[in-house]
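Residue-level listing of the chains:
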Amino acid sequence: MVHPSPTMMEYEYPSPAVAAAGMTHTVIVGGVQPAMDGGDPTPMLMYNPESITASIGDVVHFVFMQANHTVTQSTFDQPCKAMEGGMDSGFMPNPDGAEGVTWDMPVESEDPLWFYCKQRMGVHCGKGMVFSINAATAGDKTFQDFKQLAIQINGTEAVPLESAAIQQPGATAVESAVTVIAHASSTVAPAMVHETSAVAMGQGFAADGSACNCHCLCDAASGAIPAVAGVGSFGGVVGESFQNVPAL
């Protein structure tokens, strides 16, 4: 009778589940640098690391720090525009940098994958907040090429700055009635709406990433709004708000 050797008895083959498991890549999103000499902390608009190499079956574990960022898939040619049908963490607000704000993304392809932060409050993508998986390390379409293109277009989802059209100053009148509302506590006299008034409309994004609209009343009558009104304030004239109402 032949007995198995101790070596044969002690060897354990890995189970199929263990053999197939990939590795986990941890990527820090955002955060702040500590304040120096009594100043304010400096936001870090970056992913750390900015580029990784991963295999099918791996998982990328994104840890979101200050303040409110995303991991949104794009394409190399349009680094700051969400790819249709692409992966997206959505906004992950974490103003205090608390633990546990994470998102796991499985790697399902070994092709180059491109990502950016779609936070427009501060134009994060336009400041180089981009990330890649399996980008080329030499030749065309490297991570550095991707990052430079994002900065070049300034996160506008449009054409590079040197070929972008420059909007001429001046507001276009909008066919709607405008109501000027002055709060009781305001020290600024209510402005009168004249026939020469025009409303310039714009769009933007709030701190949580949600879309918002803004309207600016441009009155040609001199003295309608005091020249000093709103100086040093954010958002316009102190104590007054402008609201669109249906045309009469």
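Up top is the structure these notes are about.
Note that this is a predicted model, so its numbers are computed, not measured. (Residues numbered from 1 in each chain as written. Predicted model: local features only at pLDDT ≥ 70, side-chain atom pairs only at ≥ 80, totals over all residues. Heavy atoms only, no water.)

Colleague: Give a description of the state of the cysteines that names residues and reports values.
Modeller: Taken as a whole, this structure holds 1 disulfide when the rule is applied. Between C80 and C125 runs a disulfide, and the two sulfur atoms are separated by 2.0 Å. Across the S-S bond linking C80 and C125, the dihedral sits near -80°, which makes this disulfide left-handed. Taken together, the positions of C80 in the loop between β8 (72-74) and β9 (92-93) and C125 in the loop between β11 (113-116) and β12 (130-133) put the pair 45 residues apart, joining distant regions of the chain. For the pair C80 and C125, one class covers both residues: buried. (Disulfide = S-S within 2.5 Å. Helix = DSSP H or I, 4+ residues; strand = E, 2+ residues; numbered from the N terminus. Buried < 20%, exposed > 50% of the residue type's maximum accessible area, 1.4 Å probe, protein only.)

Colleague: Explain the sheet that holds β8 residue by residue, including any values.
Modeller: Read across the open sheet, the 4 strands follow the order β5-β12-β11-β8; overall the sheet is mixed. The open sheet is flanked by β5 (51-52) and β8, the only strands paired with a single partner. As defined by bridge partners, β11 adjoins β12 across 4 bridges and the pair is classed as antiparallel. Pairing of F115 across the sheet is with F131, part of β12. Strand contacts of helix α3 (residues 143-152): β5, β8, β11 and β12, with the helix running at about 155° to β12, the strand carrying the most contacts. (Pairing = 2+ DSSP bridges. Contact = heavy atoms within 4.5 Å. Axes fitted to C-alpha atoms, helices over the stretch in contact; angles between N-to-C directions.)

Colleague: Provide a residue-level description of the sheet that holds strand β10 (residues 102-106), including the pertinent values.
Modeller: Pairing between the strands of a sheet is mediated by backbone hydrogen bonds and can be parallel or antiparallel. Taken in spatial order, the 4 strands make up an open sheet running β4-β1-β6-β10, and their pairing is mixed. A single partner strand is all that each edge strand has here, and the edge strands are β4 (47-48) and β10. Sheet analysis places strand β1 (residues 24-29) next to strand β6 (residues 59-64), joined by 6 bridges and oriented parallel. If you follow V27 over to β6, its bridge partner there is F62.

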